[in-house]
Amino acid sequence: MNATNDILIIGGGIIGLAIAVELRQRGASVTVLSRDFQEAASHAAAGMLAPYAEQIPAGSMLELCTRSRQMYGDWTGKLENLTGLATGYNPCGILSPVFELPHNPTPLAPTSSWLNQTEIHAFQPGLNPDILGGWWHPEDGQVDNQKLVHTLRQAAKILGVNLQEGTAVQSIIQKSGKIDKILTQNQDYQAQTYVLATGSWSSELIPLPVRPIKGQMLALRMPTPQSLERVLFGPNTYLVPRKNGRLIIGATSEEVGWTPHNTPQGINALLQRAMGLYLPIADWTIEDFWWGFRPGTTDEFPILGPSAYDNLVLATGHYRNGILLAPITATLIADLITHEVTDPLLTSFNSDRFFPKSDFFPKS
Ligand code: FAD
Ligand code: GLY
């Protein structure tokens, strides 16, 4: 038996790591158990910080997303100062071109502006001439999620988080309405508080309505790092130019369970849509293909906050926006655990919206 001190976090993707760093900075002793970083959605993502381009409906989810995006500059700046490593945070703005004109273009945000056909082609050369207009969201942006997670892992290590890579939690043992211990292949762990941050795999440990939604991705090499300098977010397709000249193109959205790998159909669809949006890419070099599993929930909102177990906190189901939502998730969950504040916003994301407390039993 290995009795961990204060907090034990299951899952070492961006959500588990961000919570670990935040709690450690507040003085807690923290252990993170994570099976495999390569399988994490955090590794596969595009890194867009895009509440407006993603058209999040007005309400608590949009508030969660915009608050998180506002935190991004400071949050990544502090991580960079602590580690000396980059995160690739880039508030470059996102342009959302359309092929069909909306009846009455109403901005989602006061800062977003509608560009008509002439304006959008002057603003962004290279777009398909059939594009009739689009939204410019200057506050949306991007982060290099792979760099960010590497930096978060370094931050966790520097701060003294006990990071156990390659450790799979096999089951969660409950007793009298509390988590008693968790079992791994090597040993058992106990803690005062447990956090479930296992992304798409969450329902393997706790019966939560989280399922994998596969996204296939590819990357091109731009002729120069300046070839494209803002994110293009078109219908079912986005192009995310990194400052190092890599162009991330995504993504499919597939209900295929845990079926792995890239497929000709998936990559063909991505390339067709991307070339149909932004013409210059047709002869750029293909660098890479990959895929990942978004942690989807039935209402597409994350599951955050208390569970039916006194000592288990949930931070999962971030679906398409987990990179964006990392700083706000870390802050709200750390506030809850350290009893500093319970933000009223958390109530919109409580797991009890799916089922009564009595239905909530872990698999053990
Ligand atoms: P993950 O990153 O999946 O990490 C979960 C971790 O838990 C994994 O490392 C796994 O090994 C570990 N784990 C699972 N089960 C166990 C267990 N039993 N024991 C121990 N460890 C376990 N979001 C954005 O904000 N912007 C984007 O542009 C964006 N693009 C995306 C594009 C694609 C193709 C995909 C797939 C996702 C995208 N997302 C994006 C969504 C975002 O990636 C996810 O919401 C986010 O990464 C979820 O983070 P997480 O830490 O909860 O889960
Ligand atoms: N947020 C982009 C995606 O999930 O594909």
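Structural data are supplied above this passage.
Bear in mind that the values here come from a model prediction, so they are computed numbers and not experimental data.

Undergrad: Where do I start with the overall build of the protein chain in this structure?
TA: Scanning the protein chain from N- to C-terminus turns up seven helices and 20 strands. The C-alpha radius of gyration of the protein chain comes to 21 Å, within 12% of the 21 Å expected for a compact globule of 364 residues. Dimensions of the protein chain, computed from the C-alpha atoms along their principal axes, are close to 65 × 40 × 40 Å. Across the 364 residues of the protein chain, 55% fall into the buried class. Contacts in the protein chain between residues far apart in sequence, at least 24 positions, make up 74% of those at least 6 positions apart.

Undergrad: What is the right way to look at the packing of aromatic side chains in this model?
TA: Aromatic rings in a pair are described by how distant their centres are and how their planes are angled relative to each other. Following the criterion strictly, the structure yields nine aromatic pairs and no others. Between the aromatic rings of W114 and W135, the centroid separation amounts to 5.4 Å while the plane-to-plane angle is 70 degrees, which identifies the pairing as edge-to-face. Within this pair, whereas W114 is found in strand β6 (residues 113–116), its partner W135 is found in strand β7 (residues 133–137), the two being separated by 21 residues in sequence. Taken together, a centroid distance of 6.1 Å and an interplanar angle of 75 degrees make the contact between Y278 and W284 edge-to-face.

Undergrad: Help me understand the site of ligand 2, please; the structure alone is not making it clear to me.
TA: In the vicinity of ligand 2, the contacting residues are M48, E54, Y238, A251, R294 and R320. Here an oxygen atom of ligand 2 and a side-chain polar atom of Y238 are 2.6 Å apart. Taking R294, its side chain carries an N or O atom lying 2.7 Å from an oxygen atom of ligand 2. Starting from 200 Å² of accessible surface for ligand 2 in isolation, the protein chains cover 89%. When the residues that make up the shell around ligand 2 are grouped by side-chain class, the tally is three nonpolar, no polar and three charged.

Undergrad: Before we go on, may I ask you to explain the sheet that holds strand β9 (residues 162–165) in this structure?
TA: Each strand in a sheet pairs with another by means of backbone hydrogen bonds, the pair being arranged parallel or else antiparallel. A sheet is described by the order of its strands in space; here six strands give the open sequence β9-β3-β2-β13-β20-β19, paired in mixed fashion. Each end of this open sheet is capped by a strand with a single partner; those strands are β9 and β19 (303–306). Taken pair by pair, the neighbouring strands of this sheet meet at an average axis angle of 15 degrees, ignoring direction. With four bridges connecting them, strand β3 (residues 30–34) and β9 associate as parallel partners.

Undergrad: Can you help me understand the nonpolar core in this one?
TA: Counting residues in hydrophobic clusters, the biggest one holds 53 residues, and the most contacted among them are I9, I14, I19, V30, L64 and L152. With sequence-adjacent residues up to four places away left out, I19 is seen in contact with I9, V195, A315, T329, A330 and I333. Ranked by size, the runner-up nonpolar core spans 22 residues in total, among them L232, L270, Y278 and W284.

Calculation rules
Residues numbered from 1 in each chain as written. Chains lettered and ligands numbered in written order. Predicted model: local features only at pLDDT ≥ 70, side-chain atom pairs only at ≥ 80, totals over all residues. Heavy atoms only, no water. Helix = DSSP H or I, 4+ residues; strand = E, 2+ residues; numbered from the N terminus. Rg over C-alpha atoms; globule rule 2.2 N^0.38 Å. Buried < 20%, exposed > 50% of the residue type's maximum accessible area, 1.4 Å probe, protein only. Contact = heavy atoms within 4.5 Å. Phe/Tyr/Trp six-rings, centres within 6.5 Å; stacked < 30°, edge-to-face > 60°. Near = heavy atom within 4 Å. Polar contact = N/O pair within 3.5 Å; in protein donor to acceptor, adjacent residues only side chain to side chain. Areas by Shrake-Rupley, 256 points an atom, 1.4 Å probe, with all protein chains shown as cover. Nonpolar A, V, L, I, M, F, W, Y, C, P; charged D, E, K, R; others polar. Pairing = 2+ DSSP bridges. Axes fitted to C-alpha atoms, helices over the stretch in contact; angles between N-to-C directions. Core = buried A, V, L, I, M, F, W, Y, C linked by side-chain atoms within 4.5 Å.

These results come straight from atomic positions and should not be treated as a statement about function.
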